[in-house]
Amino acid sequence: MRLQWKMKARAKYYLVIILCMVVLYLIHHNSYYTTPDAFKYDHKETKSSALTTAAEDASTEIKSVGSKYFVDEDYFGLVKTEEEEKKREEGYKKFSFNLLVSDRIGYYRSIPDTRNKLCKHQWKTQGSHCSIIITFHNEAISTLLRTVGSILQRTPRDLVKEILLVDDFSTETNIEKIHSFIQSTKTTTVKLVQAHKRQGLIRGRLLGARAAVGDILVFLDSHCEVNSHWLEPLIERIRENRKNVVCPVIDLIDSHTFVYLASPIVRGGFTWSLAFGWEQIPETQKGNPKKDPFKSPTMAGGLFAMDRKYFFELGAYDDMMEVWGGENLEISFRIWMCGGRLEIVPCSRVGHVFRSQRIGNAQTDLSHDGENAVRVAEVWLDGYKKHFYASRPSLRTYKPDVSKRVKLRRDLDCKSFDWFLREIYPEMSIPGVREGQAWNVLGDSKKNADNITSVVSIVNPNSFLCMAVKGANEPRSKSRIVLGKCHLSKYKDWYYTDEEEVRLKHGKNRLCLDVELFYNAGNSQVRLMKCHGEKAGQQWKYHKEDERLYNPAYGMCLSQDVEQYFFVTMAICDVSDEKQHWKLKKDETKRVK
């Protein structure tokens, strides 16, 4: 009996110890991430972007207009009023992305974890403190603060010394909202640094780097969202060798719908015109590129991490470059040729909004881009600069003063560009010497796949007319879409694909139903365009019970034109409007292969 009593007492003792350890672990785990108390919410990861509170609010609004659509990221852009249509329109003009969707998402949301399962969950990061530098000029508040919000959500607080928001003399960004956001985070980590005159991205980043106090600099663009455990693998590589300069894999945030999509594992290259581009990893690359860091000849430039002291030892940025453009190739060549190593770390993922078109003064920006490229060629390309000037002969007359950067290269005892081409980038094509690997490396398999669900005629029950291509000639890009008598219309048969494309069945060219996303006020022209496989203006979600064709990027529904009876247009979705009803009548009941 006494023995049994002792065993029970001992078991209770061990149980108490185990419970105490569990409680301590939970306390530590819950305090590990920097999500501010004022913004706590359930950010459980799902297979697609989870709904934020803003999306749940939108759910009620969507139902109020009579729609039976389920609510997910495709319906953040649903336009319900003329005011919202104007907001979307102005957003494209100012920012080249859908501001209506971005604002609805808010500053915090859940995104899918796009890392490979082989990525580990423990890294050697002890004692590291990062200064995260985000430079912006007239950036939309929602994209800027969601960049910061994602860092606060998904980054261990002991690794972040500061988040520096460098305002490059913005004239339209609401600075008061930034101050309010900083106060709401209840942390001293987020700081605002303001330039007293326009610097441009390059000198703006230098301003942030000089103000930084962390031992590692992390540069991010102002329209990003960091993913799970994004920072730890970057830090680990720098701790292993302070001359490692590391970049995350850059995932895609769709500029129209803000859906977060995984990007393939690729590396950076360039052309002789000094344009950056992505390319496949050579088969000779050592290790597993799904999880192991690998060398990259160049970087995209917007997102990378680097030892702070090494950044300045290596010459920081060329502060004679204007605005942005070319600085990514300049620092890439300098890293490799002057003793460093440039890597992409596949277990670090950061999403980036890739704008659909360039914003700002195109003529000025292109001028800066060309002049910056000349500085790169004159300092780093040696005799190979002849290939640059052959690609861009108009720049031959521009003669910048690059003496300081030439001296820097000499002081750093950097290697030749010939060495770079032999040892780092042997795949690069050299005119008259060797052919390089093929570009177009991200793959076009989706664009050319015959993933057809069915062949249909699209009938408007309000008019009993079929959707067809205007004119009797061979259809081509920008052909208008009209309504005609079903038995008389020549080009009235369409494929409805797994990618939710509406593709013309007949004709020599591969053409899809498309709505123009960049437009002047009131222009919602629906037309044919070459199928690109990237959704956007060519994605059409059809819900049989509502009989409507909805374009997520545009946020509106296909409709018979009110004023031009025999044309189609886009209109604010209204389930009671018979002009927006469409029947997809199948000509073939079996799946087309």
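Before any of the text, the structure's been laid out above.
Per chain, residue numbering runs from 1 following the sequence as it is written. Residues qualify for local features only when their pLDDT is at least 70, as the model is predicted, and side-chain atom pairs are given and counted only at 80 or more; totals for whole chains, interfaces and linings, by contrast, use all residues. To get the side-chain values, all heavy atoms of the structure are used, and hydrogens and water are removed first.

How should the side chain of Ser 463 be read in this particular structure?
Helical segments are the DSSP runs of H or I of at least four residues, strand segments are the runs of E of at least two, and each set is numbered from the N terminus. Tracing the backbone through its elements, the reader meets Ser 463 in the loop between strand S13 (452-460) and strand S14 (465-469). Polar contacts, as counted here, are pairs of nitrogen or oxygen atoms within 3.5 Å of one another; within protein the pair requires one atom able to donate a hydrogen and one able to accept it, and residues that are adjacent in sequence qualify only if both atoms are side-chain atoms. For Ser 463, the side chain forms a polar contact with the side chain of Asn 460, separated by 2.9 Å. For this analysis, residues touch if any pair of their heavy atoms sits within 4.5 Å. Not counting residues within four places of it along the chain, the set of residues in contact with Ser 463 comprises Leu 483, Gln 560 and Tyr 565.

Any chance you could explain the packing of aromatic side chains here in plain terms?
The geometry of an aromatic ring pair is captured by the separation of the ring centres together with the interplanar angle, meaning the angle of the planes. Paired rings are identified among Phe, Tyr and Trp, the last through its six-membered ring, by centres lying within 6.5 Å, and are further divided according to the angle between planes into stacked (under 30 degrees), edge-to-face (over 60) and tilted (the rest). The full count for this structure, using the stated rule, is 21 aromatic pairs. Both rings, one in Tyr 107 and one in Phe 181, keep their centres 5.6 Å apart while their planes meet at 85 degrees; by these two values the pair is edge-to-face. Of this pair, Tyr 107 sits in the loop between helix H4 (99-105) and strand S1 (130-136) while Phe 181 sits in helix H6 (residues 175-184), and the two are 74 residues apart along the sequence. Look at Tyr 107 and you get partly exposed, because its relative accessible area is 24%. Relative to Tyr 425, the ring of Phe 270 has its centre 5.6 Å away and its plane inclined at 50 degrees; by these criteria the two rings are tilted. Here the residue Phe 270 occupies a position in strand S8 (residues 267-270), and Tyr 425 occupies one in the loop between helix H14 (417-424) and helix H15 (445-448), the gap between them amounting to 155 residues. For every residue, the accessible area (1.4 Å probe, protein chains only) is compared with the maximum for its type, and the residue is labelled buried under 20%, exposed over 50%, or partly exposed between those bounds. Using a relative accessible area of 1% as the deciding quantity, one classes Phe 270 as buried. Of the residues examined, Tyr 425 reaches a relative accessible area of 1% and is grouped as buried.

Help me understand the nonpolar core in this model?
Buried together is how nonpolar side chains tend to be arranged in soluble globular proteins. In terms of nonpolar packing, the biggest core is built from 57 residues, with Leu 274, Phe 311, Phe 333, Phe 417 and Phe 420 touching the most fellow members. Beyond its immediate chain neighbours, meaning those up to four positions away, Phe 417 contacts Phe 270, Trp 272, Phe 333, Met 337, Trp 380, Leu 381, Asp 382, Tyr 384 and Arg 409. Counting residues in hydrophobic clusters, the runner-up holds 36 residues, among them Ile 178, Ile 182, Ile 216 and Leu 234. Working definition of a nonpolar core: buried Ala, Val, Leu, Ile, Met, Phe, Trp, Tyr and Cys residues. They are joined through side-chain atoms within 4.5 Å.

Whenever I open this one, the sheet that holds strand S22 (residues 556-560) confuses me. Can you help?
With antiparallel pairing, the four strands of this open sheet are ordered in space as S20-S21-S22-S23. Each of the sheet's edge strands pairs with one partner strand only, and the pair in question is strand S20 (541-543) and strand S23 (568-571). Direction aside, the axes of adjacent strands within the sheet are offset by 35 degrees on average. Both strand S21 (residues 548-551) and S22 contribute to a ladder of two bridges, which runs antiparallel. For Asn 551, the partnering residue across the bridge sits in S22 and is Met 556. At least two DSSP bridges between two strands are required for those strands to pair. Angles shown run from 0 to 180 degrees and are taken between the N-to-C directions of axes, each axis being a line fitted to C-alpha atoms and, for helices, limited to the stretch in contact.

How should I be thinking about the pattern of salt bridges in this particular structure?
Two side chains with opposite charge may pair up if their charged atoms get near one another. By salt bridge we mean one thing: a side-chain nitrogen of Lys or Arg within 4 Å of a carboxyl oxygen of Asp or Glu. Scanning all chains against the criterion turns up 37 salt bridges. Across the pair Arg 334 and Glu 330 runs a salt bridge whose closest N-O atoms are separated by 2.7 Å. Taken together, the residues Arg 334 and Glu 330, both in helix H10 (residues 327-337) and four residues apart, mark about one turn of the helix. With respect to burial, Arg 334 and Glu 330 carry one shared label: buried. Overlapping salt bridges bring together Arg 237, Glu 240, Arg 341 and Glu 343 as one network.

Quick question: what am I supposed to make of helix H3 (residues 82-95) here?
Residue pairs three or four apart in sequence face the same way in an α-helix, which turns once every 3.6 residues. Helix span, expected: 1.5 Å multiplied by one less than the number of residues in the helix. With 14 residues, H3 extends 20 Å between its outermost C-alpha atoms, agreeing within 8% with the 20 Å of an ideal straight helix rising 1.5 Å per residue. Looking at the buried side of H3, the elements it contacts are H4 and S22. After H3 finishes, the residue Ser 96 shows a positive phi value of roughly 60 degrees.

Help me understand the pairing of strand S2 (residues 160-167) in this model?
Consecutive side chains along a regular strand alternate between the two faces of the sheet. Buried residues dominate S2, accounting for seven of its eight residues. For S1 and S2, the ladder comprises seven bridges, and the chain directions are parallel. Opposite Cys 130, over in S2, you have Val 160 as the bridge partner. Where the polypeptide runs from S1 across helix H5 (residues 141-154) and back to S2, its parallel neighbour, the crossover connection is right-handed. Where S2 and strand S3 (residues 190-194) come together, five bridges link them in parallel fashion. Directly across from Asp 167, in S3, lies its bridge partner Gln 194. With its strands directed away from the observer, a crossover is right-handed exactly when the path from the first strand over the helix to the second travels clockwise.

Just to check I follow, could you spell out the state of the cysteines for this structure?
Simply put, the disulfide is a covalent bond whose two ends are the sulfur atoms of two cysteines. Here, a disulfide means two cysteine sulfur atoms that sit within 2.5 Å of each other. Applying the stated rule across the entire model yields five disulfides. Between Cys 466 and Cys 486 runs a disulfide, and the two sulfur atoms are separated by 2.1 Å. Handedness of the Cys 466-Cys 486 disulfide follows from its S-S torsion of about 100 degrees: it is right-handed. Residue Cys 466 is found in strand S14, and its partner Cys 486 is found in the loop between strand S15 (481-484) and strand S16 (493-497); the two are separated by 20 residues along the sequence. With relative accessibility at 22%, the residue Cys 486 sits in the partly exposed group. Covalent S-S linkage joins Cys 512 and Cys 531, the inter-sulfur distance amounting to 2.1 Å. Negative torsions about the S-S bond denote left-handed disulfides, and the value of about 100 degrees found for Cys 512 with Cys 531 makes this one right-handed. Taken together, the residues Cys 512 in strand S18 (residues 511-515) and Cys 531 in the loop between strand S19 (526-530) and S20 connect sequence positions 19 residues apart.

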